[in-house]
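If you want the building blocks of each chain, they are given just below.
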Amino acid sequence: MYVAAPGTPSSRDLQFGFSNPLAHRRGPSPGILVVEDDPHVRALVVRILERTGFSCLDAPGPREALETLKGLDRGEILPPALVLADVLLPGMPTPEFLECLRTRLPAAPVLLMSGCAPAELRRQGVDPSELALRKPFGPEELLSAIEGAGIPIPPGRGGPQGA
């Protein structure tokens, strides 16, 4: 059995893939919630964002993301400044997830990413014009989309070097 030391991720955090559930509570940089079911894509996006100076929370699906946001009520986390979410996620239809996010985090922009064709996006109830990032994308495109949503890149960071 794994028991987390104080200040380290719990076994639940490791199970759900959260990189550091309290990371953006400690620092002044904006927090970003990354919701992506592909663990490789999620890890790469989180690494790019953290090396750029953002604090991240991450979840493999909508239910885990919403569970994480319950930490707001308990004072365990600060509200993320932005949510970056894949369109096709297991466990909840995209429109329902977006409605939950917009209710829970009314001030946080939600950026959608997908590699799906426009017809598939429409079948999922998503207007293709709402897509902020088309997969595959690079670090510059990711950071440009975040800046375009009104979230500044943390000062003193030259970008995602070494990501």
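Data block above holds the structure.
Keep in mind that this is a model prediction, so the values were computed, not measured.

A closer look at the sheet that holds strand S1 (residues 31-35)
Inference 1: On the basis of which strands lie adjacent, the open sheet formed by five strands has the order S2-S1-S3-S4-S5 and parallel pairing. If you trace the sheet from one side to the other, it starts and ends with strand S2 (55-59) and strand S5 (131-134), each paired once. The sheet shows a mean angle of 25 degrees between the axes of neighbouring strands, taken without regard to direction.
Inference 2: Note: S1 against strand S3 (residues 82-86), four bridges, orientation parallel. Bridge assignment links Leu-33 to a residue of S3, and that residue is Val-83.
Inference 3: With respect to the sheet, helix H5 (residues 94-104) is in contact with S1, S3 and strand S4 (110-114), its orientation differing from that of S4 by roughly 155 degrees.

Some thoughts on the pairing of S5
Taken residue by residue, a regular strand's side chains alternate between the two faces of the sheet.
Inference 1: Inspection of the sheet shows S4 paired to S5 by three bridges, in the parallel sense. Its bridge partner being in S5, Met-113 is matched across the sheet by Leu-133.
Inference 2: For the segment spanning S4, helix H6 (residues 118-123) and S5, crossover handedness is right-handed.

Describing the environment of Phe-97
Inference 1: Among the structural elements, Phe-97 can be located in helix H5.
Inference 2: Placed 36 residues apart in sequence, Phe-97 and Gly-61 show a C-alpha to C-alpha distance of 9.6 Å.
Inference 3: Setting aside chain neighbours within four positions, we find Phe-97 in contact with Val-35, Pro-62, Ala-65, Leu-66, Ala-85, Leu-89 and Met-92.

Things to note about the pattern of salt bridges
Inference 1: Taken as a whole, this structure holds seven salt bridges when the rule is applied.
Inference 2: In this structure, Asp-58 engages Arg-42 in a salt bridge whose closest nitrogen and oxygen atoms are separated by 3.1 Å. With Asp-58 in strand S2 and Arg-42 in helix H3 (residues 39-52), this pair connects stretches of sequence that are 16 residues apart.
Inference 3: According to the relative accessible area criterion, Asp-58 is buried, its value standing at 3%.
Inference 4: Close ionic contact of Arg-123 with Glu-120 constitutes a salt bridge, the shortest N to O distance being 2.8 Å. Separated by three residues within a single helix, Arg-123 and Glu-120 lie in helix H6, roughly one turn from each other.
Inference 5: Classification of Arg-123 by relative accessible area gives exposed; the value is 63%.
Inference 6: Here the salt bridges share partners, and the residues they tie into one network are Glu-36, Asp-86 and Lys-135.

Structural notes on the packing of H3 against helix H7 (residues 139-148)
Inference 1: Across the interface, H3 lies against H7 with an axial gap of 11 Å and an inter-helix angle of 65 degrees. Considered as vectors, H3 and H7 are oriented roughly perpendicular to each other. Seen from above, H3 lies across H7 with right-handed handedness. For the pair formed by H3 and H7, the contact residues are Val-45, Ile-48, Leu-49 and Thr-52 on the first element and Pro-139, Leu-142, Leu-143 and Ile-146 on the second.
Inference 2: Of the residues contributing to the contact of H3 with H7, the split by class is seven nonpolar, one polar and no charged.

What counts, and at which threshold
Residues numbered from 1 in each chain as written. Predicted model: local features only at pLDDT ≥ 70, side-chain atom pairs only at ≥ 80, totals over all residues. Heavy atoms only, no water. Pairing = 2+ DSSP bridges. Helix = DSSP H or I, 4+ residues; strand = E, 2+ residues; numbered from the N terminus. Axes fitted to C-alpha atoms, helices over the stretch in contact; angles between N-to-C directions. Contact = heavy atoms within 4.5 Å. Right-handed = clockwise from strand over helix to strand, strands pointing away. Salt bridge = Lys/Arg side-chain N within 4 Å of Asp/Glu carboxyl O. Buried < 20%, exposed > 50% of the residue type's maximum accessible area, 1.4 Å probe, protein only. Parallel < 35°, antiparallel > 145°, perpendicular 65-115°, else oblique. Left-handed = near helix turned anticlockwise from the far one by under 90°. Nonpolar A, V, L, I, M, F, W, Y, C, P; charged D, E, K, R; others polar.

Keep in mind that these numbers describe shape and distance, not what the molecule does.
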